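A look at the structure
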Amino acid sequence: MPAPKGEGTLITTVMNNEIKIFCPATIANISCGFDVLGVALDSVGDEMVLRKTKEKGIRITKIEGQDLPLETDKNVAGASGLAFLDACSYDGGFEIEIYKNIKAGSGIGSSAASSAGAVWAMNELLNKPFSIHELVPFAMQGERLASGVAHADNVAPALFGGFTLVRSYDPLDVIPIPSPDALYATVIHPQIEIKTSDSRKILKTNISLENGIKQWGNVGGLVAGLFKNDYDLIGRSLEDHIIEPIRSILIPGFDDVKSAAINTGALGCGISGSGPSIFAFSKGENIAKKVAQAMKEVYENIEVDYEIHISKINTEGIREMAP
Ligand code: HSE
């Protein structure tokens, strides 16, 4: 006898109360695109665990790996999470555990990983009330707390994966950009801390028309190179005539690392975010490894400790991990 309509087709919605996630490190600016371009890395990142609670609000219950504030309004994950909660109709709250691998003040998006991770995970736990585009402004509130400016060039690639362009901040218009398969990043992180807020204070607020022309030519060239899988064009476009000459002075051995990377075959090399990390892009993992060795040789003669990461581009952004 056929089952009466509706029987045997019981649909249940299983909502998880807890989620563990990987939050990628990111390279912002990418030489020519100060505050507008960014890309997510695959092999470096934080982990977070978020849990729904009946109690309203956000509690940060554990932070490992870095000495960061547990108070919700002083922590970037708390600040972005509160912006998310304010905008949705959820009646409960969240607990957050943060396991940091990305050091604060490293220039590879430490605050962005926590800010974007918090809102991405909350959105998952509530069955995605918001699109990824809609999550970006919430995550930007964490960046506002960290650096005084709500820039999106780290949180956008952390959320979307791959490369992103912030075409406009007002209104916010974030464009995900494809990444060529063989593109690898090598990042050397000198173990000194440069606060983004400090490295923004030293920048000039006016630029010459001559430098503007060079810079927007390169932004267009880089975006075109990424769409066309044109590695040479990507390399030619990795120039920064405005920010690098000022900020590179804060980074020990910057010029030597850059020359060594390019002489070894890197497509280009520049400051990662607000530094002190230095990134190079290469075509293929082999060259990326040789570039790592060349960067290492420069730093052997400098009395500053360092870490080196080699990573392919992360194209999916923040992802769920097995519990
Ligand atoms: N665009 C920001 C800056 C990125 O360079 O200040 C900070 O990681």
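Computed from a predicted structure; not experimentally measured. (Residues numbered from 1 in each chain as written. Predicted model: local features only at pLDDT ≥ 70, side-chain atom pairs only at ≥ 80, totals over all residues. Heavy atoms only, no water.)

Here we come to the pairing of strand 4 (residues 93-99). Residues in a regular strand point their side chains to alternate faces of the sheet. Counting buried positions along strand 4 gives 6 out of 7 residues, so the element sits mostly inside the fold. Sheet analysis places strand 2 (residues 37-53) next to strand 4, joined by 7 bridges and oriented antiparallel. Residue pairing in the sheet places leucine 50 in a bridge with isoleucine 96 of strand 4. Across 7 bridges, the pairing between strand 3 (residues 57-64) and strand 4 is parallel. Counted as the bridge partner of isoleucine 58 is phenylalanine 94 from strand 4. Taking the sense of rotation as the criterion, the β-α-β connection linking strand 3, helix 1 (residues 76-87) and strand 4 turns out left-handed. (Buried < 20%, exposed > 50% of the residue type's maximum accessible area, 1.4 Å probe, protein only. Helix = DSSP H or I, 4+ residues; strand = E, 2+ residues; numbered from the N terminus. Pairing = 2+ DSSP bridges. Right-handed = clockwise from strand over helix to strand, strands pointing away.)

Close contacts around the ligand come from Ala28, Asn29, Phe34, Asp35, His151, Asp153, Asn154, Thr196, Arg200, Arg247, Gly273 and Ser274, and that covers them all. Here a nitrogen atom of the ligand sits 2.5 Å away from a polar atom, N or O, in the side chain of aspartate 35. For the ligand, a nitrogen atom lies 2.6 Å from a polar atom in the side chain of aspartate 153. Bound to the protein, the ligand loses 97% of the 260 Å² it would expose on its own. Considering only residue class, the shell around the ligand consists of 2 nonpolar, 6 polar and 4 charged. Counting residues domain by domain, the shell around the ligand receives three or more from each of domain 1 (18-177 + 315-321) and domain 2 (183-312). (Near = heavy atom within 4 Å. Polar contact = N/O pair within 3.5 Å; in protein donor to acceptor, adjacent residues only side chain to side chain. Areas by Shrake-Rupley, 256 points an atom, 1.4 Å probe, with all protein chains shown as cover. Nonpolar A, V, L, I, M, F, W, Y, C, P; charged D, E, K, R; others polar. Domains from an automatic or database assignment.)

The description of an aromatic ring pair uses the distance of the two centres, along with the angle that the planes make with each other. Applying the stated criterion across every chain yields a total of 7 aromatic pairs. A centroid spacing of 5.3 Å and a plane angle of 70° characterise the contact between phenylalanine 84 and phenylalanine 130, whose relative ring orientation is edge-to-face. Placement of phenylalanine 84 in helix 1 and of phenylalanine 130 in the loop between helix 2 (110-125) and helix 3 (132-147) is noted, with a sequence separation of 46 residues between them. Assessed through its relative accessible area of 0%, phenylalanine 84 is described here as buried. A relative accessible area of 15% means that phenylalanine 130 is categorised as buried. Considering the side-chain rings of tyrosine 90 and phenylalanine 94, the 5.1 Å spacing of their centres and the 45° angle between planes classify their relative orientation as tilted. Among the aromatic residues, those joined into a ring-pair cluster are Phe84, Phe130 and Phe138. (Phe/Tyr/Trp six-rings, centres within 6.5 Å; stacked < 30°, edge-to-face > 60°.)

Given 3.6 residues per helical turn, the α-helix brings residues three or four places apart onto the same face. Over its 16 residues, helix 3 extends 23 Å from the first C-alpha to the last, a length consistent with the 22 Å expected when each residue adds 1.5 Å. If you check which residues of helix 3 are buried, you get Leu135, Val136, Phe138, Ala139, Met140, Gly142, Glu143 and Ser147. Looking one or two residues beyond helix 3, the residue adopting positive phi is glycine 148, at roughly 85°. (Expected span 1.5 Å × (residues − 1).)

Our focus in this paragraph is the side chain of threonine 164. Mapped onto the secondary structure, threonine 164 falls in strand 5 (residues 163-169). On the accessibility criterion, threonine 164 (0% relative accessible area) is buried. For threonine 164, the residues in contact, after removing those within four places along its chain, are Val36, Leu37, Gly38, Ala156, Pro157, Val174, Ile175, Pro176 and Ile177. (Contact = heavy atoms within 4.5 Å.)

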